[in-house]
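# Report on the structure
So the chains spell out like this:
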Amino acid sequence: MREQVLVIDDDEKILAMLKRSLSFEGYEVSTARNGADGLKAMIDSDPSLIILDVMMPQMDGWEVCRRIRAAGSRSPVLMLTAKDDVADRVKGLDMGADDYLVKPFALEELLARVRALLRRADGGKQPERMLTYQDIAMNVDSREVVRGGKRIELTTKEFELLHLFLQNPNRVLARDIIMEKIWGYDYSGESNVLEVYVAMLRQKTEEHGGKRVIQTVRGAGYVLRGEA
């Protein structure tokens, strides 16, 4: 059974992005655009985790969180806020939140926090931490990558990009999905940054004669797939 995540946020752009990204990661996602609807959805579905925006009209996230705890729910709550203020973070935690993330955030950080909160709620059980494809192996905990027995030194973004490909072998990943997951939904840097990093990752993974496994799918994106 898939773990269910409830997202409560009045920002439709963030709501749509989180629903798409969390669903892509395998979670069952429900959404609400205000606190009242969010509380009803929480009661109806008893989610595994709640992502809750602080700044909402009528009923803010702090009050929603207080009512979630008053209703007896023990679902982990990850609060999102545009304010990087210690007093706000303390207030959220005092209301019963489990974690706090400031907007704008990198999507990979949010997903990592979701995984950590769900592990904690599940008694600390750890998922499989090794990813492999053909002769490429990645130890997610030690961040070590080897191909054909030879270690590959990767930068943080190169590692995250390869990690995404290894999680989705033979699956075409659209450019905008990759950008969201590695650079965040609000990234406004160089437009060719993905192409640059794919080229660097190819160079490193093919350095010792390895065949190309990161393929370009013209007009669609990229895919981790061995050559035919």
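Calculation rules
Residues numbered from 1 in each chain as written. Predicted model: local features only at pLDDT ≥ 70, side-chain atom pairs only at ≥ 80, totals over all residues. Heavy atoms only, no water. Phe/Tyr/Trp six-rings, centres within 6.5 Å; stacked < 30°, edge-to-face > 60°. Lys NZ or Arg CZ within 6 Å of the ring centre and 35° of its normal. Pairing = 2+ DSSP bridges. Helix = DSSP H or I, 4+ residues; strand = E, 2+ residues; numbered from the N terminus. Axes fitted to C-alpha atoms, helices over the stretch in contact; angles between N-to-C directions. Buried < 20%, exposed > 50% of the residue type's maximum accessible area, 1.4 Å probe, protein only. Expected span 1.5 Å × (residues − 1). Salt bridge = Lys/Arg side-chain N within 4 Å of Asp/Glu carboxyl O. Core = buried A, V, L, I, M, F, W, Y, C linked by side-chain atoms within 4.5 Å. Contact = heavy atoms within 4.5 Å.

Looking at an unreviewed UniProt entry, the chain carries the name DNA-binding response regulator, with the source organism given as Xylanibacillus composti.

This part covers the packing of aromatic side chains. Within a pair of aromatic rings, the relevant descriptors are the distance that separates the centres and the angle that separates the planes. Using the criterion set out here, one finds one aromatic pair in the structure. The aromatic ring of F159 is capped on one face by R143, whose charged end is 4.0 Å from the ring centroid.

The subject of this paragraph is the sheet that holds strand β4 (residues 77-81). Here five strands make up an open sheet; going across it, the order is β2-β1-β3-β4-β5 and the pairing parallel. Across the chains shown, the open sheet's two edge strands, defined by having one partner strand only, are β2 (28-32) and β5 (99-102). Neighbour-to-neighbour, the strand axes of the sheet open up by a mean angle of 20°, direction not taken into account. Sheet topology note: the β4/β5 ladder contains four bridges and is parallel.

As a further point, take the pairing of strand β8 (residues 144-147). Residues V145 and R147 of β8 are buried on one face, while the alternating residues E144 and V146, pointing to the opposite face, are not. Here strand β7 (residues 136-139) pairs with β8 via four bridges, running antiparallel. For N139, the partnering residue across the bridge sits in β8 and is E144. Between the antiparallel neighbours β7 and β8 lie four residues, among them R143 with a positive phi of about 60°. Pairing of β8 with strand β9 (residues 150-152) involves three bridges; the strand directions are antiparallel. Across the sheet, the residue bridging to R147 is K150, located in β9. Between the antiparallel neighbours β8 and β9 lie two residues, among them G148 with a positive phi of about 60°.

In this section: helix α6 (residues 156-167). Over its 12 residues, α6 runs 16 Å from end to end, which matches the ideal 16 Å to within 8%, given 1.5 Å per residue. In terms of burial, α6 is a largely internal element, nine of the 12 residues being buried. E158, F159, E160, L161, L162, H163, L164, F165 and L166 are the residues of α6 that are buried.

This next bit is on the pattern of salt bridges. Oppositely charged side chains are able to pair whenever their charged atoms sit close together. One pass over the structure, following the stated rule, counts 18 salt bridges. Put simply, K181 and E25 hold a salt bridge, and the shortest N to O gap is 2.8 Å. With K181 in helix α7 (residues 175-183) and E25 in the loop between α1 (12-24) and β2, this residue pair connects regions lying 156 residues apart in the sequence. The exposure class of K181 is buried, given its relative accessible area of 1%. Note on E25: relative accessible area 26%, which makes it partly exposed. Between R66 and E63 there is a salt bridge, and its shortest N-O distance comes to 2.7 Å. Here R66 and its partner E63 are both found in helix α3 (residues 61-70), three residues apart, which amounts to about one turn of the helix. Taken together, the shared-partner salt bridges connect D9, D53 and K103 into one network.

Next up on the list: the nonpolar core. By size, the foremost hydrophobic cluster in this structure holds 30 residues, and its most contacted members are M138, V145, L161, F165, L166, I178 and L194. Looking at which element gives the most residues to this core, the answer is α6, with six residues. Excluding anything up to four places from it in sequence, I178 contacts L161, L164, F165, L173, W183, L194 and Y222. If you look at the next biggest cluster of nonpolar residues, it comprises 21 residues, including L22, L80, L107 and L117.

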